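# Structural features, examined
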Amino acid sequence: MSSITSSKMRAIDANCTYLGLSPVQLMENAGAAIAREIMSKISSGKVLFVAGRGNNGGDAFVAARHLATNTNYEVRLILLGHSSRIRTEESKQNFSLLSYSGLTELKEIADSKELEKYSGWKDNDIIVDGVLGSGIKGAPREPESTAIALINSSNSFIISIDSPSGYDLDGGEVVKSVIADMTITFHRMKTGLELPGSEKYSGLVKVAPIGVCRDAEEYVGMGDLMSLSRRNRDAHKGNSGRVLIIGGGAYYGAPALAALAALRTGADIVTVAVPENVADTVASFSPNLIVIPLKGDRLNPSNIPVLKNLLETHDVAVIGPGLGREKETLETVEQLLPLCRKAVVDADALFELKLPIKSEGKFILTPHSAEFSRLYGSEIPEELDSKKNVVSSFASDNDVTVVMKGKVDVISDGSVARLNRTGNAGMTVGGTGDVLTGITGALFAVNDAMDAASCAVFISGAAGDLAFKNKGNGLLATDIIARITDVILGVL
Ligand SMILES: NC(=O)C1=CN([C@@H]2O[C@H](COP(=O)(O)OP(=O)(O)OC[C@H]3O[C@@H](n4cnc5c(N)ncnc54)[C@H](O)[C@@H]3O)[C@@H](O)[C@H]2O)[C@H](O)CC1
Ligand SMILES: [K+]
């Protein structure tokens, strides 16, 4: 399996929490893995743990407790700072257990000078570095910086927890780092530990499993939303996404639903370009919509010059909701796609879509399984792994990102395939597909295609699940739009 970045690891952790596997359980497994490694290396001896106030230090607390259950080991631990400043509940809980765990010494040292004077640095068989892990930001500050220097100047065998402290697991600049003999990283290899020259800092790298649920990685969860781009405090209007919805003509509700969903997902500007016969109706749904009427009562080739200008001032186009399948409409879609930098293609726009799209642009297609089957030209297999393979190779062959909607949604950009299980049977009501495309458009405006597509199906389904709690099978597409912010506010 390939390596992952530390932000991907954080997303997996958060997905574990979402599934009910708590951080304290993962920490217990992480610490136990460190203790096992020490026990397999030496059967007795002196071990000094140096712990920071984050969860990297928390892993060290657990490891020290496990190791001290065996009286062959003399276990000492220094906490860098005051225990009142330990950051997380799981770490606090594990620190408090240390008073009952038979350690030879347990010290809290916040001051760098005092740290230098500490008598326990010498004659350890092993020093365990739990100073900083994946949560590091910038160059190590004090007292962590002095602790790193003291660890490096010892003659002991150095084992780093998760990452050599100070080293960037994503491969960024290293200002000051522990030079370890061995690094035990958790769950998966990290990108930065595979880079040429990284072994100078890490020593031998081992990957320890910590009991992460398989679904926390494969299925989209709350943690994935953490990797979405966040709004800058000094953002200007438009920075958070300009979405152009091209739809309507045959219908009027669909483009309005997509537009309102995009606004609730956080897009700054949502413009709805619809044939003039439905423009007033679409505009009447909400004063928040900007509606541009297009000549004619269906999308047609004469609309292209106006749409071309609009595409230039928008980050992403959402093409399809309520268009109808008139020949001239589908031909217009075909001519429009190569003009888009980014587009979400849905509903009627998928009907006669010619693939691959001859364009430099990036595309997300959101077919349900019957639509996908038509594009794919064959039946879709029942079994989930085969479905993933089919969607993945289709995405790769056509250079698109695909969301195949179903009871379990399958999302792939051709290199990665993810699954989503949020959503419920109440969402078979009309308009829910339009809501999903609107959410996808808003996310795609400011994120890459795979993140946008995966998070969009998750948000749409989770908002639908919240709506289902109050409305049951009577839920409407507009009820889902009303709950989008509740899902997003849970994370961003
Ligand atoms: N699934 C897993 O991999 C698990 C990993 N665990 C361990 O948790 C750490 C990450 O923990 P986190 O609390 O997010 O961060 P750190 O402990 O690395 O550090 C945060 C801590 O340090 C302060 N800080 C940040 N930058 C600096 C700096 N430049 N100088 C000084 N101090 C800094 C920050 O303010 C915080 O207080 C991971 O590596 C694993 O070891 C889980 O225990 C189990 C699941
Ligand atoms: K560390």
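The rules we used
- Residues numbered from 1 in each chain as written.
- Chains lettered and ligands numbered in written order.
- Predicted model: local features only at pLDDT ≥ 70, side-chain atom pairs only at ≥ 80, totals over all residues.
- Heavy atoms only, no water.
- UniProt positions renumbered as here; feature names shortened; annotations may be inferred.
- Phe/Tyr/Trp six-rings, centres within 6.5 Å; stacked < 30°, edge-to-face > 60°.
- Helix = DSSP H or I, 4+ residues; strand = E, 2+ residues; numbered from the N terminus.
- Buried < 20%, exposed > 50% of the residue type's maximum accessible area, 1.4 Å probe, protein only.
- Lys NZ or Arg CZ within 6 Å of the ring centre and 35° of its normal.
- Patch = residues over 30% accessible without salt bridge, like charges linked within 9 Å, V, L, I, M, F, W, Y side chains within 5 Å.
- Areas by Shrake-Rupley, 256 points an atom, 1.4 Å probe, with all protein chains shown as cover.
- Salt bridge = Lys/Arg side-chain N within 4 Å of Asp/Glu carboxyl O.
- Lys, Arg positive; Asp, Glu negative; His and termini not counted.
- Charge placed at Lys NZ, Arg CZ, Asp CG, Glu CD.
- Pairing = 2+ DSSP bridges.
- Axes fitted to C-alpha atoms, helices over the stretch in contact; angles between N-to-C directions.

Looking at an unreviewed UniProt entry, one finds the protein named Bifunctional NAD(P)H-hydrate repair enzyme, with Methanolobus sediminis as its source organism. Quoted straight from UniProt, the Subunit (unreviewed entry) entry for the protein says "Homotetramer."

Before going further, it helps to spend a moment on the packing of aromatic side chains. All chains considered together, the criterion is met by 7 aromatic pairs. Geometrically, the ring pair formed by Y167 and Y201 is tilted, given 5.2 Å between the ring centres and 40 degrees between the ring planes. In this pair, Y167 is assigned in the loop between strand 5 (157–161) and strand 6 (182–186) and Y201 in helix 7 (residues 199–202), connecting sequence segments 34 residues apart. Considered together, Y167 and Y201 belong to a single accessibility category, that of buried residues. Aromatic pair F372 and Y376: ring centres 5.6 Å apart, planes at 25 degrees, arrangement stacked. In this pair, F372 and Y376 both sit in helix 13 (residues 369–376), 4 residues apart, roughly one turn of the helix. Exposure remark for F372: the relative accessible area of 0% places this residue in the buried category. Take Y376: its relative accessible area is 33%, and that puts it in the partly exposed class. Every member of this aromatic cluster is reached through a ring pair, and the members are F372, Y376 and F394. In this structure, R325 is placed above the aromatic ring of F351, and the distance from its NZ or CZ to the ring centre is 3.9 Å. A cation over an aromatic ring shows up here: R374 above the ring of F351, its NZ or CZ 3.8 Å from the ring centre.

With that settled, the discussion passes to a negative patch on the surface. On the surface, a cluster of negative charge is contributed by D111, E114, E116 and E142. Inspection of the secondary structure puts E114 in helix 5 (residues 112–117).

Right, let's get into the sheet that holds strand 15 (residues 409–412). Taken together, the 9 strands give an open sheet; going across it, the order is 10-9-8-11-12-13-14-15-16, and neighbouring strands pair in mixed fashion. Single-partner strands in this sheet number two, and they are strand 10 (290–294) and strand 16 (417–420). Neighbour to neighbour, the strand axes of the sheet diverge by 15 degrees on average, direction disregarded. Examined bridge by bridge, strand 15 and strand 16 share 4 bridges and lie antiparallel to one another.

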